[in-house]
Amino acid sequence: DAGVIQSPRHEVTEMGQEVTLRCKPISGHNSLFWYRQTMMRGLELLIYFNNNVPIDDSGMPEDRFSAKMPNASFSTLKIQPSEPRDSAVYFCASSGRTTSLVVQGENYGYTFGSGTRLTVV
Amino acid sequence: AQSVAQPEDQVNVAEGNPLTVKCTYSVSGNPYLFWYVQYPNRGLQFLLKYITGDNLVKGSYGFEAEFNKSQTSFHLKKPSALVSDSALYFCAVSRQSNYQLIWGAGTKLIIKP
């Protein structure tokens, strides 16, 4: 398995432009998470999906941020319009855990992508 | 509410010495506990987990962690540090019934030659 795949790896854009980050989770994983990491705020959960349904988007900073998961193999995080304070590394992670009973031997952790470094100038 | 505390922003250790990175947690019920490592310009990588069973858990790269229920701690340890262990380390916890991980703030580990 190629792991969680994020694109692009780096994105530099001007303030006010729309930015779309993409994520392909591990096949078979049914939970997907978007995180943002900055020096000041550390690792922040933005939103997570279970079985393609958004479960909790309380971490999304404001209406400029939106996320979709149209199918089990693809998710996007969109920022429109972008602002300099959105500059950060954005990580996608997927997990095979579900809310059902734990299955012995399953890896309950998350697998992270390599991240997208976003710079808004 | 669930929470994770990593009391040290940075830990400095000489190469070859034992290292400990501390983590304490607060969660109702039985916890699932995790350690992840992040190397520069990389995503977080899974190191080890505690779900149930033996309190001493062994993971990748020679790391281990000890679950201490009475102290609600899950400290990460390694008997002999390598310079290549220098990275950012995150502790995380979740409840048995909830798949969402709660993350600590991270501890920067610096191993000096």
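Structure shown above.
The structure presented is a predicted model; accordingly, all values stated were derived computationally and were not measured. (Residues numbered from 1 in each chain as written. Chains lettered and ligands numbered in written order. Predicted model: local features only at pLDDT ≥ 70, side-chain atom pairs only at ≥ 80, totals over all residues. Heavy atoms only, no water.)

S.K.: I'd like a rundown of the pairing of strand E2 (residues 10-14) of chain B, residues and numbers included.
M.R.: Residues and elements named next belong to chain B. Along E2, the buried face is formed by Val-11 and Val-13; none of Gln-10, Asn-12 and Ala-14, which line the opposite face, is buried. With 5 bridges connecting them, E2 and strand E12 (residues 107-112) associate as parallel partners. In the strand pairing of E12, Gln-10 is matched with Lys-108. (Buried < 20%, exposed > 50% of the residue type's maximum accessible area, 1.4 Å probe, protein only. Helix = DSSP H or I, 4+ residues; strand = E, 2+ residues; numbered from the N terminus. Pairing = 2+ DSSP bridges.)

S.K.: Explain the state of the cysteines residue by residue, including any values.
M.R.: Each disulfide consists of a covalent bond between the sulfur atoms of two cysteine residues. Residues and elements named next belong to chain A. What the rule picks out here adds up to 2 disulfides over all chains. Put simply, Cys-23 and Cys-92 are joined by a disulfide, and their sulfur atoms are 1.9 Å apart. On the sign convention where negative means left-handed, the S-S torsion of about -65° between Cys-23 and Cys-92 marks this disulfide as left-handed. Of this pair, Cys-23 sits in strand E3 (residues 19-24) while Cys-92 is found in strand E9 (residues 88-95), placing the two residues 69 residues apart along the sequence. Summarising the burial analysis for this pair, Cys-23 and Cys-92 share the class buried. (Disulfide = S-S within 2.5 Å.)

S.K.: Tell me about the environment of Ile-55 of chain A, residues and numbers included.
M.R.: All names here are of chain A. Residue position: Ile-55 is located in strand E6 (residues 53-56). With relative accessibility at 43%, the residue Ile-55 sits in the partly exposed group. Separated by 28 residues in the primary sequence, Ile-55 and Ser-27 have C-alpha atoms spaced 20 Å apart.

S.K.: Describe unusual backbone geometry, with residues and values.
M.R.: Note that the residue after Ser-7 of chain A, namely Pro-8 of chain A, is joined by a cis bond; omega there is -10°. The residue after Gln-80 of chain A, namely Pro-81 of chain A, is reached through a cis peptide bond having omega -5°. Inspection of the secondary structure assignment puts Pro-81 of chain A in the loop between strand E8 (74-79) and E9. Residues other than glycine seldom take positive phi values, yet Asn-52 of chain A does so here, at roughly 75°. Checked against the element boundaries, Asn-52 of chain A lands in the loop between strand E5 (42-50) and E6. What makes Asn-52 of chain A partly exposed here is its relative accessible area of 30%. Phi at Thr-72 of chain B takes a positive value of approximately 45°, unusual for a residue other than glycine. Tracing the backbone through its elements, the reader meets Thr-72 of chain B in the loop between strand E8 (64-68) and strand E9 (73-78). For Thr-72 of chain B, a relative accessible area of 31% translates into the label partly exposed.

Distances and angles like these do not, on their own, reveal function.
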